[in-house]
Amino acid sequence: MGESTVTPLEGREQALPQPVTAAPRQRRFGRLRAPRRPRLWFEILLIAVSYWTYSLVRNAVPEQRAEALRNTDWIWRAEHSLGLAVEKSVNHAVNSVTWLIVGMNYYYATLHFVVTLTVLVWLYRRHPGRYAATRLVLFATTAVALVGYYLYPLAPPRLMPGGGFVDTVMVHRTWGSMASGDLKHMSNQYAAMPSMHIGWSLWCGLTVFALARLPWVRILGLLYPAATLVVIVATANHFWLDAVGGLLCLAFGFAVARLWYGALPYALPRRIPAKKPQGARPGAPRENLTDPRGRGTGVFRAGRGGSRGRRSR
């Protein structure tokens, strides 16, 4: 009889399902993956620290001049074999138009940062539900680019000995490159592959095209990376194959965000639903709910009188 009373208890202990302990882990992991409402102070700090770290690591990569120049010669020969070695022709053609090349120098130096920060601010204000995932794409893209700088040092075309390229910043005495003039000691000159001017501009362009409502704004989003490609080639700062490297880095960034959030950033809800108050009773009226487009769901909070906002039964 004693055994008959003990056996069910033992069986009950053995029957305790592992999901009882696994479920909290899954819920915690799910909370980590769920989009959260961004906090301004945290985002400013994160972006500042991340860019400082990126610059520090990029400039800390050894300037392997001999290997960088060998890689440049290989890239140049590869483009010639493909019949697409157009950089020198574009560089000389645009350099002959002074106002145009000077404008491109300043474009290269400023818009890379200004447009990227503008798109981040726009995402933060208008698409908070998609902000974290889209930001992750940018951060993962930049992180894998650092690996490229370390593994494949590459000199830009303007530094090719005997290449015949024009360093447009030096010739026109404009402020336009951290790797020219007095600023060249502050930046690694042999980190041209991949091109983050292309990686970041494509990120901006695709984000604007996917989420903007006005057609002309969406068109500008697509034109921005195309114009950036012309600029980096015309100023002899990159080969077009460097742009391909930037594109591959961006694809890696999107893959990371897709694996983490389970969807592409642009497919996530625009707004983040309000959290259910702790201690709320099951079936209690909810408030401040939004659908993926950010509109209210039509669920009202019950008033003190009890009649306002009640559903008809």
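Here, every reference points to the structure presented above.
What you see is a predicted model, and the numbers here were worked out from it, not measured in a lab.

Cut-offs and rules
- Residues numbered from 1 in each chain as written.
- Predicted model: local features only at pLDDT ≥ 70, side-chain atom pairs only at ≥ 80, totals over all residues.
- Heavy atoms only, no water.
- Helix = DSSP H or I, 4+ residues; strand = E, 2+ residues; numbered from the N terminus.
- Buried < 20%, exposed > 50% of the residue type's maximum accessible area, 1.4 Å probe, protein only.
- Expected span 1.5 Å × (residues − 1).
- Contact = heavy atoms within 4.5 Å.
- Phe/Tyr/Trp six-rings, centres within 6.5 Å; stacked < 30°, edge-to-face > 60°.
- Lys NZ or Arg CZ within 6 Å of the ring centre and 35° of its normal.

Draft legend 1. Local environment of unusual backbone geometry. Look at the link from Met193 to Pro194: it is a cis peptide, with omega at 0 degrees. With a phi angle near 60 degrees, Ala236 is a residue other than glycine that sits in the positive phi range. Relative to the helices and strands, Ala236 resides in the loop between helix H10 (215-234) and helix H11 (240-261). Classification of Ala236 by relative accessible area gives buried; the value is 0%.

Draft legend 2. Representation of helix H7 (residues 128-151) in the model. Over its 24 residues, H7 extends 36 Å from the first C-alpha to the last, a length consistent with the 34 Å expected when each residue adds 1.5 Å. Of all 24 residues making up H7, 17 are buried, and the element is well covered by its neighbours.

Draft legend 3. Representation of the side chain of Thr168 in the model. Tracing the backbone through its elements, the reader meets Thr168 in helix H8 (residues 168-172). With near-sequence residues (within four places) excluded, Thr168 lies in contact with Asn91, Asn95, Ile101, Asn105, Thr174, Ala234 and Thr235.

Draft legend 4. The arrangement of the packing of aromatic side chains in detail. As enumerated under the stated definition, the model contains six aromatic pairs in all. On the basis of an interplanar angle of 65 degrees and a centroid distance of 5.4 Å, the ring pair of Trp76 and Phe165 is categorised as edge-to-face. Note that Trp76 is positioned in helix H4 (residues 65-82) and Phe165 in the loop between H7 and H8, a separation of 89 residues in sequence. On the basis of relative accessible area, Trp76 is assigned to the buried category, the value being 14%. Taking the relative accessible area as the measure of exposure, Phe165 reaches 12% and is therefore buried. Measuring from ring centre to ring centre gives 6.0 Å for Phe254 and Tyr266, while their planes differ by 65 degrees; the resulting arrangement is edge-to-face. Of this pair, Phe254 sits in helix H11 while Tyr266 sits in the segment after H11; the two residues are twelve residues apart in sequence, bridging distant segments of the chain. The same class applies to Phe254 as to Tyr266, namely buried. Against the face of Phe209 rests Arg218, its NZ or CZ located 4.3 Å from the ring centre.

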